[in-house]
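A closer look at the structure
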Amino acid sequence: MGGFRSLAVAEKAVTKDGMDFIALARPLIREPDLPHKWVNHKTDKAECISCNKCFMPGMTRGGIYCVVRKKAESQAS
Ligand code: SF4
């Protein structure tokens, strides 16, 4: 089951809703260190906005990455 974007929802799924585990994909493309942040309570929300733009470079340019993050980083520099 995917679509988890907050620690609170993920924890509820496992502790109260009977799931054995949850799966993360796009949030880890955006923030590979997200599990570490959640374990250390540095954030509750994932930065991923579920726009699915990360799949296009994988299909056309041979690699998946967060397009939103790359655009923000290029605008900041
Ligand atoms: S491109 Fe969009 S869906 Fe993909 S990781 Fe970035 S924010 Fe999430």
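Residues numbered from 1 in each chain as written. Predicted model: local features only at pLDDT ≥ 70, side-chain atom pairs only at ≥ 80, totals over all residues. Heavy atoms only, no water.

1. Quick word on the environment of N52
For N52, the location among the structural elements is in the loop between α3 (34-39) and α4 (55-60). On the basis of relative accessibility, which here comes to 39%, the residue N52 falls in the partly exposed class. For the pair N52 and V68, spaced 16 residues apart in the sequence, the C-alpha separation amounts to 9.8 Å. Among the polar contacts made by the side chain of N52, one reaches the side chain of R26 at a distance of 2.5 Å. (Helix = DSSP H or I, 4+ residues; strand = E, 2+ residues; numbered from the N terminus. Buried < 20%, exposed > 50% of the residue type's maximum accessible area, 1.4 Å probe, protein only. Polar contact = N/O pair within 3.5 Å; in protein donor to acceptor, adjacent residues only side chain to side chain.)

2. Notes on the nonpolar core
If you look at the biggest cluster of nonpolar residues, it comprises seven residues: F4, L7, A10, A13, L34, W38 and A46. At the level of secondary structure, the elements contributing two or more residues to this core comprise α1 (7-15) and α3. With three residues, α1 is the largest single contributor of residues to this core. Not counting residues within four places of it along the chain, the set of residues in contact with A13 comprises F4, G18, M19 and I22. (Core = buried A, V, L, I, M, F, W, Y, C linked by side-chain atoms within 4.5 Å. Contact = heavy atoms within 4.5 Å.)

3. Considering the confidence of the model for the protein chain
Looking at the protein chain, pLDDT values average 92 and 99% of them are 70 or higher. Here α4 stands out as the element of the protein chain with the lowest mean pLDDT, 84, in contrast to helix α2 (residues 26-30), whose mean of 96 is the highest. (pLDDT = per-residue confidence, 0-100.)

4. Brief notes about the site of the ligand
Lining the immediate surroundings of the ligand are R26, R30, C48, I49, S50, C51, N52, C54, C66, V67 and V68. Looking at the shell around the ligand, the elements that each hand over two or more residues are α2 and α5 (67-76). Residues that form the shell around the ligand fall into these classes: seven nonpolar, two polar and two charged. (Near = heavy atom within 4 Å. Nonpolar A, V, L, I, M, F, W, Y, C, P; charged D, E, K, R; others polar.)

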